[in-house]
Amino acid sequence: MNITRAKGTRDIFYDEMDNFSKIEEEIRKVCMLHNINEIRVPVFEQAELFARGVGDGTDIVTKEMYTFEDRGGRSMTLRPEFTAGVVRAYLENGFASKASPVKLWYNGTAYRYEKMQKGRYREFRQFGVEIFGASSYRAEIEAIVIAKEVLESIGLMNKLKLKINSIGCTECRKKYTEKLREYLKDKIDGMCTDCKNRYEKNIMRIIDCKEDLEIKKSMPMITDNLCEECKNDFENVKSMLDSLNIDYEIDKTIVRGLDYYNKTVFEFVSKDLDLAVGGGGRYDTLVETLGGTPTNAVGFALGLDRIEMLVKDLNKSYKKYVDMYFVVTDDEAFKVAYNLGEKLRKLDIITDIDILDRSFNAQLKYASKINAKNIGIIGENELKAGIITVKNMENSSQVTADLDAKVIKDVIKLLNKKGE
Ligand code: AMP
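Just so you know, these numbers come straight off a predicted model, no measurement behind them. (Residues numbered from 1 in each chain as written. Predicted model: local features only at pLDDT ≥ 70, side-chain atom pairs only at ≥ 80, totals over all residues. Heavy atoms only, no water.)

## A word on the sheet that holds strand 2 (residues 44-46)
Put simply, the rule reads: Should DSSP find at least two bridges between two strands, the strands are regarded as paired. Counting from the N terminus, the helices are DSSP H or I runs at least four residues long and the strands are E runs at least two residues long. Inter-axis angles, ranging from 0 to 180 degrees, are taken between N-to-C directions of lines fitted to C-alpha atoms, where helices are fitted over the stretch in contact.
Across the sheet, which stays open at both edges, the three strands sit in the order 2-4-3 with antiparallel pairing between neighbours. If you trace the sheet from one side to the other, it starts and ends with strand 2 and strand 3 (67-69), each paired once. On average, adjacent strands in this sheet sit at an angle of 35° to one another, irrespective of strand direction. By the bridge criterion, three bridges tie strand 2 to strand 4 (residues 75-78) in an arrangement that is antiparallel. Bridging across to strand 4, Phe44 finds its partner in Leu78.

## Things to note about the packing of aromatic side chains
Selection criterion: Each aromatic pair joins two rings of Phe, Tyr and Trp (for Trp, the six-membered one) with centres within 6.5 Å, and gets the label stacked for planes under 30 degrees apart, edge-to-face for over 60, and tilted for any other angle. Buried means the residue's accessible area, taken with a 1.4 Å probe over protein chains only, is under 20% of the maximum for its type, while exposed means over 50%, and partly exposed covers the values in between. Think of it as a cone above the ring: NZ of Lys or CZ of Arg counts as a charge over the ring if it is within 6 Å of the ring centre and within 35 degrees of the ring normal.
Inspection of every chain in the model, using the stated rule, returns 15 aromatic pairs. A centroid spacing of 6.0 Å and a plane angle of 85° characterise the contact between Tyr90 and Phe95, whose relative ring orientation is edge-to-face. Each member of the pair, Tyr90 together with Phe95, is buried. Put simply, the rings of Tyr90, Phe95, Phe132, Tyr260, Tyr261 and Tyr283 touch in pairs and so form one group of aromatic residues. A cation sits over an aromatic face here: Arg181 above Tyr199, 5.3 Å from the ring centre. Taking NZ or CZ as reference, Arg358 lies 4.6 Å from the ring centre of Tyr366, over its face.

## Looking at the site of the ligand
Just so we agree on the cut-off: The nearness test applies per residue and asks whether one of its heavy atoms lies within 4 Å of the molecule or strand. Within 3.5 Å is the distance limit for a polar contact, defined as a pair of N or O atoms, with the added protein rule that one can donate a hydrogen and the other accept it, and that residues adjacent in sequence qualify only through two side-chain atoms. Surface exposure here means Shrake-Rupley accessible area, sampled with a 1.4 Å probe, where a residue is shielded only by the protein chains that are shown. By the convention adopted, Pro, Cys, Tyr, Trp, Phe, Met, Ile, Leu, Val and Ala count as nonpolar, Lys, Arg, Asp and Glu as charged, and the other residues, Gly among them, as polar.
Of all residues adjacent to the ligand, which total 14 residues, the nearest are Arg112, Glu114, Tyr121, Arg256 and Val277. For the ligand, an oxygen atom lies 3.2 Å from a polar atom in the backbone of Ala276. In the environment of the ligand, an oxygen atom lies 3.1 Å from a nitrogen or oxygen atom belonging to the backbone of Gly278. About the coverage of the ligand: the protein hides 91% of its 470 Å² of free accessible area. Of all the secondary-structure elements, those providing two or more residues to the shell around the ligand are strand 6 (123-132), strand 10 (276-282) and strand 11 (297-303). Residues belonging to the shell around the ligand are distributed by class as follows: five nonpolar, four polar and five charged.

## Considerations on unusual backbone geometry
Most peptide bonds take the trans configuration, and most residues that are not glycine carry a negative phi. Between Ser100 and Pro101 the backbone carries a cis peptide bond, its omega angle lying at 5°. Mapped onto the elements, Pro101 comes out in the loop between helix 4 (83-92) and strand 5 (102-111). Notably, Asp274 is not glycine yet its phi reads approximately 50°, a positive angle. Here Asp274 lies in the loop between strand 9 (262-270) and strand 10. Taking relative accessible area as the criterion, Asp274 reaches 58% and is therefore assigned exposed.

Right under this line is the structure:
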């Protein structure tokens, strides 16, 4: 039997895994520096949560969810995104009674049954932030800045464009959708099937559909139909982004795929590939939709698979390296080296050693395969003299040193410098 991985899933290892680790390290750092708390929510939830939270009319709910009946006859769904689950956790754990605003971040896998294409998987990874309890445009700024800083810290920001839009509040949207419905009334028959459905169920999504562009040329846009408050908020977002020197583009076609957004929405899009690496916005009605009291909320999600794909294109390497690889000739040398290795690790020196009892030459070959920066040779002579030969593999300089971890750490530093 030849068992292969399920379509749309991936195994991540070696160089790719190093890239993911670097991205995750930067995420953790940026979130810590912004005083955001990490949250972990379940991979599966009651199906009802996503139907209500993400929206009955969305592509995710109608076409893409992994929903199954568990052995107890309950309908469960693998999370297609995190926001609904985080809101459920917010309500279930009484976060509303914590100091406001409640600021959370997550990182994990999400599942959508999608058609396979570049950067699109059925199991993919998302990092995101959710901020509850802030009605001010300042929360949108905080969300955009965190996303930008993560993307910047891994050198991606100059490959990306920040696009922003405002899709208004419930009030201006109600008026706008009437206007849009009126405008499209005698045109909708000639439009694509998806838009025909959206006209009935989710008319705002007609805005970001890429079909029938001729008809859409003079379509009223929500951005031009905002109430005073929404207009003001959007102006504040823009002027704050200006003051932070963050480049952005207003894109009136961004409405985001999920039902729950309002006011400011944004996306980070690849300049070369026209592919979104992430996006988010304000969603002031979702907490109430899921059974809570009305609570302001802002959030975003970035796709780690797409970020990693772009990191790969940069030809940057976040490959892990080994500071010190011990080459030993026999069990006695292994014992000495292993003890020394434990002390070096306590000094944050990444250390490895032969555990296959291989020949001297085979150990050297392995050291070069794993890109060890230095090798520490303990052979017969070294054992007798109670010393180690440390050799820098990049510039071939070498010295002997006492079997003392602190001394060896200094020696490694010194040899590294010789190559500079
Ligand atoms: P969304 O919630 O659809 O806006 O997704 C946010 C981000 O998650 C996107 O910009 C992508 O980077 C990522 N993403 C969404 N769906 C997928 C997928 N099927 N495969 C890989 N990444 C995805």
